[in-house]
Amino acid sequence: MTAVGIDAIEIWTGKLSLDLPETFAPAKGEDPEKYTKGLGLKTSSFPDTYEDIVTMGANAAKRLMDRKGLVPEDIGRIDVATESAFDNSKPVSTYIAGCLEQVYDDDFHHANKGERKFACVAGTQSIDDAYNWIRAGRHRGRSALVVATDTALYARGDPGEATQGGGAVAMLISEEPSLVELSPEQGYGSADETDFLKPNQQFPSVDGKRSMQVYLARMREALTDFESVAWDTHPDDFAYIPFHTPFPGMVRKAGLLGYRHMIRDTEIEEDLASEIGRQPREEAFDDRESYEEAIRGYMDDLSGTDTYREWYGAAIEPTLALSRRVGNWYTGSVHVARASALQHALENDVDLEGSKLLVGSYGSGAQAEMHAETVRPGWAEEVAALTVDEQLDRRYDLSYEEYERVHDSHNHDLNDDIEAFTQPDGEFVHTGWGRMSERQYDYVE
Ligand code: COA
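Since this is a predicted model, take the numbers as computed values, not measurements.

Thresholds applied
Residues numbered from 1 in each chain as written. Predicted model: local features only at pLDDT ≥ 70, side-chain atom pairs only at ≥ 80, totals over all residues. Heavy atoms only, no water. Near = heavy atom within 4 Å. Polar contact = N/O pair within 3.5 Å; in protein donor to acceptor, adjacent residues only side chain to side chain. Helix = DSSP H or I, 4+ residues; strand = E, 2+ residues; numbered from the N terminus. Nonpolar A, V, L, I, M, F, W, Y, C, P; charged D, E, K, R; others polar. Pairing = 2+ DSSP bridges. Contact = heavy atoms within 4.5 Å. Axes fitted to C-alpha atoms, helices over the stretch in contact; angles between N-to-C directions. Phe/Tyr/Trp six-rings, centres within 6.5 Å; stacked < 30°, edge-to-face > 60°. Buried < 20%, exposed > 50% of the residue type's maximum accessible area, 1.4 Å probe, protein only. Parallel < 35°, antiparallel > 145°, perpendicular 65-115°, else oblique. UniProt positions renumbered as here; feature names shortened; annotations may be inferred. Expected span 1.5 Å × (residues − 1). Patch = residues over 30% accessible without salt bridge, like charges linked within 9 Å, V, L, I, M, F, W, Y side chains within 5 Å. Areas by Shrake-Rupley, 256 points an atom, 1.4 Å probe, with all protein chains shown as cover. Salt bridge = Lys/Arg side-chain N within 4 Å of Asp/Glu carboxyl O. Lys, Arg positive; Asp, Glu negative; His and termini not counted. Charge placed at Lys NZ, Arg CZ, Asp CG, Glu CD.

Things to note about the site of the ligand
Turning to step 1, where the next piece is worked out: Residues in contact with the ligand amount to 20 residues; listed here are only the nearest, Asp31, Lys34, Lys209, Ser211 and Lys253.
Turning to step 2, where the next piece is worked out: Lys34 places a polar side-chain atom, nitrogen or oxygen, 2.6 Å from an oxygen atom of the ligand.
Turning to step 3, where the next piece is worked out: Note that an oxygen atom of the ligand is positioned 2.8 Å from one of the side-chain N or O atoms of Lys253.
Turning to step 4, where the next piece is worked out: Taken together, the elements giving at least two residues each to the shell around the ligand come down to helix H2 (33-39), helix H6 (208-229) and helix H7 (248-263).
Turning to step 5, where the next piece is worked out: Element by element, the count of residues in the shell around the ligand is highest for H2, at five residues.
Turning to step 6, where the next piece is worked out: Considered class by class, the residues forming the shell around the ligand number eight nonpolar, five polar and seven charged.

Concerning the sheet that holds strand E3 (residues 43-46)
Turning to step 1, where the next piece is worked out: Here three strands make up an open sheet; going across it, the order is E3-E2-E13 and the pairing mixed. In the strand order of this sheet, the two ends are held by E3 and strand E13 (396-397), each with one partner.
Turning to step 2, where the next piece is worked out: Across four bridges, strand E2 (residues 16-19) lies against E3 in antiparallel orientation. When the bridges of E3 are listed, Ser17 appears paired with Ser45.
Turning to step 3, where the next piece is worked out: The strands touched by helix H1 (residues 20-28) are E2 and E3; relative to E2, the strand with the most contacts, the crossing angle is about 65°.

A word on the environment of Ala230
Turning to step 1, where the next piece is worked out: When you line up the elements, Ala230 lands in the loop between H6 and H7.
Turning to step 2, where the next piece is worked out: Separated by 23 residues in sequence, Ala230 and Lys253 place their C-alpha atoms 24 Å apart.

Some details on the packing of aromatic side chains
Turning to step 1, where the next piece is worked out: A full pass over the atoms with the stated rule returns 20 aromatic pairs.
Turning to step 2, where the next piece is worked out: Ring geometry for Tyr400 versus Tyr403: centroids 5.6 Å apart, planes at 45°, classification tilted. Placement of both Tyr400 and Tyr403 in helix H15 (residues 400-410) is noted, with a separation of three residues, approximately one turn of the helix. The pair formed by Tyr400 and Tyr403 is uniform in burial state, with each residue classed as buried.

Considerations on the packing of H7 against helix H9 (residues 288-303)
Turning to step 1, where the next piece is worked out: Direction vectors running N to C along H7 and H9 enclose 100°, while the axes themselves pass 11 Å from each other. Considering the angle they form, H7 stands roughly perpendicular to H9. Facing Leu256, Leu257, Tyr259, Arg260 and Ile263 of H7, the residues of H9 in contact are Ile295, Tyr298, Met299, Leu302 and Ser303.
Turning to step 2, where the next piece is worked out: Looking at the contact of H7 with H9 residue by residue, the class counts come to eight nonpolar, one polar and one charged.

What about the UniProt feature "domain: Hydroxymethylglutaryl-coenzyme A synthase N-terminal" (unreviewed entry) in the chain?
Turning to step 1, where the next piece is worked out: Cross-referencing UniProt, the feature "domain: Hydroxymethylglutaryl-coenzyme A synthase N-terminal" (unreviewed entry) maps to residues 3-175 in the present numbering.
Turning to step 2, where the next piece is worked out: End C-alpha to end C-alpha, residues 3-175 measures 6 Å, and it is 34% helix and 29% strand.

Regarding helix H12 (residues 333-347)
Owing to its 3.6 residues per turn, the α-helix aligns residues three or four sequence positions apart on the same side.
Turning to step 1, where the next piece is worked out: Helix length check: H12, at 15 residues, gives a terminal C-alpha distance of 21 Å against a target of 21 Å (1.5 Å per residue), a fit within 8%.
Turning to step 2, where the next piece is worked out: With respect to burial, H12 is a largely interior element, twelve of its 15 residues being buried.
Turning to step 3, where the next piece is worked out: Listed in full, the buried residues belonging to H12 are Ser333, Val334, His335, Val336, Ala337, Arg338, Ala339, Ser340, Ala341, Leu342, Gln343 and Ala345.
Turning to step 4, where the next piece is worked out: Backbone geometry just downstream of H12 places Asp349 in the positive-phi region, at approximately 55°.

Observations concerning the sheet that holds strand E7 (residues 165-175)
Turning to step 1, where the next piece is worked out: An order of E5-E4-E6-E7-E1-E8-E12-E11 is seen for the eight strands of this open sheet, with the pairing classed as mixed. Two strands close off the open sheet at either side, each with one partner strand: strand E5 (112-116) and strand E11 (356-363). Averaged over all neighbouring strand pairs, the angle between strand axes comes to 25°, with direction disregarded.
Turning to step 2, where the next piece is worked out: Sheet topology places strand E4 (residues 75-81) next to E5; five bridges connect them, and they run parallel. Note that in E5 the partner of Arg77 across the bridge is Asn112.
Turning to step 3, where the next piece is worked out: Seen against the sheet, H6 touches strand E8 (180-190), E11 and strand E12 (367-375) and runs at an angle of roughly 120° to E8.
Turning to step 4, where the next piece is worked out: Its contacts with the sheet put H12 on strand E1 (4-13), E7, E8, E11 and E12, and the angle it makes with E11 is roughly 160°.

Focus: a negative patch on the surface
Turning to step 1, where the next piece is worked out: Among the surface-exposed residues, Glu275, Asp300, Asp301, Asp306 and Glu310 lie close enough to one another that they form a single negatively charged patch.
Turning to step 2, where the next piece is worked out: Of all the secondary-structure elements, those providing two or more residues to the negative patch are H9 and helix H10 (306-315).
Turning to step 3, where the next piece is worked out: The class for Glu310 is exposed, based on a relative accessible area of 60%.

Side note on the environment of Arg135
Turning to step 1, where the next piece is worked out: Mapped onto the fold, Arg135 is located in helix H5 (residues 122-135).
Turning to step 2, where the next piece is worked out: Among the residues examined, Arg135 registers a relative accessible area of 30% and is labelled partly exposed.
Turning to step 3, where the next piece is worked out: When residues no more than four places from it in sequence are discounted, the contact partners of Arg135 are Met1, Thr2, Ala3 and Val4.
Turning to step 4, where the next piece is worked out: One polar contact links the side chain of Arg135 to the main-chain carbonyl oxygen of Thr2, over a distance of 2.7 Å.

Looking at the pattern of salt bridges
Turning to step 1, where the next piece is worked out: With the rule as written, the count across this model stands at 31 salt bridges.
Turning to step 2, where the next piece is worked out: Arg278 is paired through a salt bridge with Glu270; the nearest N and O atoms lie 3.1 Å apart.
Turning to step 3, where the next piece is worked out: Given the relative accessible area of 44%, Arg278 is considered partly exposed.
Turning to step 4, where the next piece is worked out: Relative accessible area serves as the criterion here: at 44%, Glu270 is assigned to the partly exposed category.
Turning to step 5, where the next piece is worked out: Two residues, Glu292 and Arg288, come together in a salt bridge whose shortest N-O distance is 2.9 Å.

Observations concerning the UniProt feature "domain: Hydroxymethylglutaryl-coenzyme A synthase C-terminal" (unreviewed entry) in the chain
Turning to step 1, where the next piece is worked out: UniProt annotation of "domain: Hydroxymethylglutaryl-coenzyme A synthase C-terminal" (unreviewed entry) refers to residues 195-409 when read in the numbering used here.
Turning to step 2, where the next piece is worked out: Taken end to end, residues 195-409 is 55% helix and 11% strand, and its two terminal C-alpha atoms sit 27 Å from one another.

Focus on the side chain of Gln343
Turning to step 1, where the next piece is worked out: Examined against the element boundaries, Gln343 turns out to sit in helix H12.
Turning to step 2, where the next piece is worked out: If near-sequence neighbours (up to four positions away) are discounted, Gln343 is found in contact with Leu322, Val383, Leu386, Val388 and Asp389.

Right under this line is the structure:
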C-alpha cells in the first residue's frame, strides 16, 4: 500500500510574546511558579494588530509552498481547521487561497476548500479528510494543504487567560511523504460534553477543571479503541507521544495515565511491583470509590519511580518544548507537539527513521483521536528547515499594559485601533474591511 502522510510542515507564530511568570503573574498577584511548575508555561504567543487567523495561516502556507517548490496546481484541497473563525458561511480557506493568489501566477480554482470545526481536534480531522481523499484516489496526483490556525484568546479575567496563544501550522498531506506516514488504524473517544464552547461568541465559555477531566476520559477511550484495531501498546513501541497540549501540565497528567494503561500486565508492571505494588484491579474492590482511591495512590507512587521518570523524559518531555514558549494554539497544538519532538530528535542525533509516534489529539465538546505515525527517511531534512525557534526569539516582549491593549484590539466588540508593535516584512497582513464586512489582506514585501 502506498504510504500517505505528512510530507512537510511549517509553523508561523504570532509576533508578540507575553511572559507569564515575569509579566502576567505579578500583574495578577499570582505566584510565578503556578506558570512555570504548575501549568508548565513560560511565554504565550500573540498576534500583532495586523495578524489574524488568515494572515498566520497564509504565511505558514506560503512558506511551505515556497520551500517545497509548489505552485497552486499541485494543491487539490485546502482545509482550514480553526475554532477562531469570524464568519459562519465563508470559510477561512477561501481567504487564505485569496492571499496566496496575490503572490502566485496561477490560482486555486480547482482545489476543494473547506473549514473543519471540532474544537482542537479539527486539525487532526482535516488531516484525516486529506488522507481519505488520497486513499480514495480522488486527488489526481495532487496534495492537500491543511492549515490549523487559531487565536486562542479568552475574555480578560477568565481563568483561561493563563493558557492563551496564537499561531498557525501548515501541513502538506501527500503520497510517499517525507515526514511521517499515518497508520490506517485510529481510535476514537467521543461524547456529548459541555466543557468548552463558543455559542456565537468570540471568547469561550469554559469549565476548565471539567475540560481537564473530559480530556483524560476521552483520551483513555481513544487509546483502548485504537488498541482494539491496532495492537496492545507498550511504552517501548513509541519514540515520542505527542498529545494535544493546551498547556504542558495537562500532558503531564495524560502521560501518567497512558503509561499506567500501557504497562498493565507487562514485565514493567512486574518489575515495579516490589517498589510500589501491582496496579489495583477493580474486581478486588467492593465499591468504585475505594478502587479509585487506590488508583490515585498507585499513580502517585508510579509518578515517583525512576522507570516512569526516564520514560517520561524520553517520550513526553521533548514534545513540550515549543508549547512552553507558545501557549495554546488550539487546532495547531498537537502538531506543534509533534514538531517539538522531531526537533529534539534532530538536535540529539537520534536515528528516528522507521520509529513510531503515538499521536493523541483532543477537542472539547468532546472527542479524542489516537493514531500511530511512522517516521519517514526524509524527516531530518524537513525538520531542519523549520524556522520556529528564530521566529520565537524575534517576538516583541509585551508589558502587561501593552498586552491589555493588544487583547482589546483583537476583541471583535471593541476592535480598538492601536499602533502595531512590529514591522511586517515579506508577509500577508490584515488591512481592513470591505463593503460587505469581508476582511481584506495585502502582501507586504
Ligand atoms: N507552584 C506550583 N504549582 C502551582 C502553584 C504554585 N505556586 N499554583 C498553582 N499550581 C498548580 C496547581 O496545583 C495546578 O496543578 P494541578 O492541576 O496539577 O493541581 C496548576 O498549577 C494550575 O493551577 P490552578 O489553580 O488549577 O489554575 P487555574 O484555576 O488558573 O486553572 C486551567 C487552570 C487550566 C483550568 C485554566 O487556565 C483554564 O480554564 N484553561 C482553559 C481550558 C483548558 O485549557 N483546558 C484543558 C483541556 S483542553
